[in-house]
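Inside the fold
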Amino acid sequence: MIKRTLFSSLQKSLTSYPITAVIGPRQSGKTTLVKELKTYRYVSLENPDTRDFAQSDPKAFLEEYNNKVIFDEVQRVPELFSYLQGVVDGRPEMGQFILSGSQNFQLMERITQSLAGRVDILQLYPLDIQELKSSGQLPSTVSQSCTTGFYPAIYDRSLDPDRYYANYITTYVNRDVTELINIQNNSAFRRCLRICATRSAQLVNYNDMARDVGVSHTTLRNWLSILETSFIIYLLPPFYKNFSKRITKSPKLYFYDVGILCHLLRIKKNQLNPQHKYWGSIFENLIISEMIKKNAHQSLLRDFWFWRDTKGHEVDLLYEEGGAIYVHEIKASTTIKSAYFKNLVYFDKISEDTPIHKNLIYSGSKNQSRSQVKVVSWLNI
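These figures come from a predicted structure and were not determined experimentally. (Residues numbered from 1 in each chain as written. Predicted model: local features only at pLDDT ≥ 70, side-chain atom pairs only at ≥ 80, totals over all residues. Heavy atoms only, no water.)

**A look at the layout of surface pockets**
- Reported here for the largest pocket is a volume of approximately 580 Å³.
- Lining the largest pocket are 24 residues; nearest its centre among them are I121, Q123, N295, A296 and L301.
- Elements with a minimum of two residues in the lining of the largest pocket: helix 1 (6-13), strand 5 (119-123) and helix 15 (279-297).
- A class-by-class count of the residues in the lining of the largest pocket yields 12 nonpolar, 7 polar and 5 charged.
- Considered as a void within the structure, the second largest pocket measures approximately 420 Å³ in volume.
- What lines the second largest pocket is a set of 22 residues, and nearest its centre among them are Q27, G29, K30, T31 and T32.
- Counting only elements with at least two residues in the lining of the second largest pocket, the list comes to helix 2 (30-34), strand 2 (41-44) and helix 9 (152-156).
- When residues of the lining of the second largest pocket are assigned to their parent elements, the largest contribution, 4 residues, is made by helix 2. (1 Å grid on protein atoms, 1.4 Å probe; cavity = no way out; pocket = protein on both sides within 12 Å on 5 of 7 lines; lining within 4 Å. Points joined across faces, edges and corners; volume = space filled by probe spheres on them. Helix = DSSP H or I, 4+ residues; strand = E, 2+ residues; numbered from the N terminus. Nonpolar A, V, L, I, M, F, W, Y, C, P; charged D, E, K, R; others polar.)

Here it is, written out as structure tokens:
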């Protein structure tokens with residue numbers, strides 16, 4: 001079993017909040033993570049009998065499971081949330097309950113309504129590069145990493161990634177999505193997934209995508225929202241500071257896991273190479289998703305943006321920290337050219353008095369020292 005970085009944050013959370021919620025994509029390892037806490041009882045609300053008990057008599061249910069309990073897939077029993085509020089308000093103890101769930105929309109809605117201020121929310125995504133490196137299981141190349149993906153079961157059980165992702169998409173469409181919205185045309189929704197894959201690392205154009213999928217603009221927006229709240233896609237917003245009045249306002253689209261992305265692009269294991277037409281966008285997606293996972297697993301609490309103006313100047317990723325802005329250019333190349341630095345230098349020039357830390361992430365294996373920019377290998381971000 002691969003050690004998860006988030007476990008230390010989970011232990012700390014249990015000393016500071018009466019309830020801790022662990023959310024994230026289905027099969028990202030949430031159940032395995034919380035079960036490492038051996039002093040907690042584990043209760044799965046996927047079990048029909050257990051769920052019926054919780055739904056029909058939540059008060060008696062919480063008398064039976066009244067402290068040091070993990071409730072998995074807790075969004076399936078919304079009746080519990082108001083009762084949990086009463087229980088933790090009546091006791092001063094920290095770490096009373098752990099909640100976990102895969103449906104971010106439903107779970108967060110219940111937490112917002114009933115448990116605000118009483119719960120610490122942690123996010124667990126598929127494995128990150130450092131977790132795989134520490135376990136000695138990181139594939140040796142970018143291509144292998146992208147087509148294998150980062151879901152724990154692939155590594156823990158030596159599963160074939162092509163079959164795994166085919167099953168994952170089928171299960172997701174048939175179960176999770178239909179629980180959230182009434183999709184009457186599954187083929188159109190599958191087409192939407194594939195269109196998203198071809199638009200990875202690109203600006204979202206809702207009208208064009210709706211036309212290509214064959215649905216209305218409103219339906220397309222609704223579907224993208226569901227894909228985002230279900231941890232399939234991530235919409236990276238544009239930077240809000242007005243360094244230039246003419247800046248892009250549309251988000252960019254990425255997948256939380258590049259294995260899913262490659263599957264939807266019909267790229268099988270060991271079939272991706274630098275000559276592939278989607279090589280650049282897949283590598284950019286790999287890095288963006290890695291930064292998101294690192295941010296969550298290490299509880300860094302960063303907000304991410306990209307920046308682009310109407311003249312074509314762009315930085316792929318940036319965040320603010322300590323009064324400075326950290327900007328990142330992503331290049332799917334094993335060699336470094338000085339031309340790769342131009343957008344970073346331009347952004348630094350227009351940023352007035354704000355300190356700028358410039359970084360270029362590339363597909364080579366070694367970090368490099370440059371006078372203006374820090375060059376970082378994909379292996380070391």
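**A short note on the pattern of salt bridges**
- For the structure shown, the criterion picks out 16 salt bridges.
- Between D212 and R199 there is a salt bridge, with its nearest N and O atoms 2.4 Å apart. Residue D212 is found in helix 12 (residues 206-213), and its partner R199 is found in the loop between helix 11 (186-198) and helix 12; the two are separated by 13 residues along the sequence.
- Using a relative accessible area of 15% as the deciding quantity, one classes R199 as buried.
- In this structure, E314 engages K252 in a salt bridge whose closest nitrogen and oxygen atoms are separated by 2.8 Å. In this pair, E314 is assigned in strand 9 (residues 314-321) and K252 in strand 7 (residues 252-255), connecting sequence segments 62 residues apart. With respect to class, E314 is no different from K252; both count as buried.
- Residues participating in the shared-partner salt-bridge network are R26, E46, E73 and R76. (Salt bridge = Lys/Arg side-chain N within 4 Å of Asp/Glu carboxyl O. Buried < 20%, exposed > 50% of the residue type's maximum accessible area, 1.4 Å probe, protein only.)

**Section: the sheet that holds strand 2**
- Spatially, the 5 strands line up as an open sheet ordered 2-3-4-1-5, and their pairing is parallel. Unpaired on one side and paired on the other, strand 2 and strand 5 mark the two borders of the sheet. When strand polarity is set aside, the average angle formed by the axes of neighbouring strands in this sheet is 20°.
- For strand 3 (residues 69-72) and strand 4 (residues 97-101), the ladder comprises 4 bridges, and the chain directions are parallel. (Pairing = 2+ DSSP bridges. Axes fitted to C-alpha atoms, helices over the stretch in contact; angles between N-to-C directions.)

**Examining the packing of aromatic side chains**
- Inspection of every chain in the model, using the stated rule, returns 20 aromatic pairs.
- Consider the rings of Y164 and Y168, whose centres lie 6.0 Å apart with planes at 35°: the pair is tilted. Taken together, the residues Y164 and Y168, both in helix 10 (residues 161-180) and 4 residues apart, mark about one turn of the helix. As far as burial versus exposure is concerned, Y164 and Y168 are alike and both buried.
- Residue placement shows K293 over the ring face of F150; its charged tip is 3.9 Å from the ring centre. (Phe/Tyr/Trp six-rings, centres within 6.5 Å; stacked < 30°, edge-to-face > 60°. Lys NZ or Arg CZ within 6 Å of the ring centre and 35° of its normal.)

**Points about the packing of helix 11 against helix 12**
- Relative to each other, helix 11 and helix 12 sit at 135°, their axes nearing to 9 Å. Between helix 11 and helix 12, the interaxial angle falls into the category oblique. As for how helix 11 packs across helix 12, the hand of that crossing is right-handed. On helix 12, the residues that touch A188, R191, C192, I195 and C196 of helix 11 are M209, D212 and V213.
- For the contact of helix 11 with helix 12, the per-class residue count stands at 6 nonpolar, no polar and 2 charged. (Parallel < 35°, antiparallel > 145°, perpendicular 65-115°, else oblique. Left-handed = near helix turned anticlockwise from the far one by under 90°. Contact = heavy atoms within 4.5 Å.)

**As for the side chain of S13**
- Here S13 lies in helix 1.
- Overall, the relative accessible area of 3% leaves S13 in the buried class.
- Not counting chain neighbours up to four residues away, the residues in contact with S13 comprise T20, D120 and L122.

**Describing the sheet that holds strand 11 (residues 356-362)**
- If you trace the 6 strands from one edge of the open sheet to the other, you get 8-9-10-11-13-12, paired in mixed fashion. Where the open sheet ends on each side, the last strands, each with one partner, are strand 8 (305-308) and strand 12 (368-369).
- Both strand 9 and strand 10 (residues 324-331) contribute to a ladder of 5 bridges, which runs antiparallel. Residue Y319 lies in a different strand from strand 10, and its bridge partner there is Y326.
- Contacting strand 9, strand 10 and strand 11, helix 15 runs over the sheet at an angle of about 150° to strand 10.
- Here helix 16 (residues 342-350) sits on the sheet in contact with strand 8, strand 9, strand 10 and strand 11, set at roughly 165° to strand 11.

**Some points on helix 11**
- Taking 1.5 Å of rise per residue, 13 residues should cover 18 Å, and helix 11 covers 19 Å from first to last C-alpha, within 8% of that figure.
- Taken together, the buried positions of helix 11 are occupied by A188, F189, C192, L193, I195, C196 and A197. (Expected span 1.5 Å × (residues − 1).)

**Concerning helix 16**
- Those residues of helix 16 lying buried are N343, L344, F347 and I350. One side of helix 16 carries all its buried residues, which in axial view fall inside an arc of 135°. In helix 16, the exposed positions that point more than 90 degrees away from the buried face belong to K342 and K349.
- At its buried positions, helix 16 is contacted by strand 8, strand 9, strand 10 and strand 11.
- One or two positions beyond helix 16, positive phi appears at E352, with a value near 60°. (Arc of directions from axis to C-beta.)

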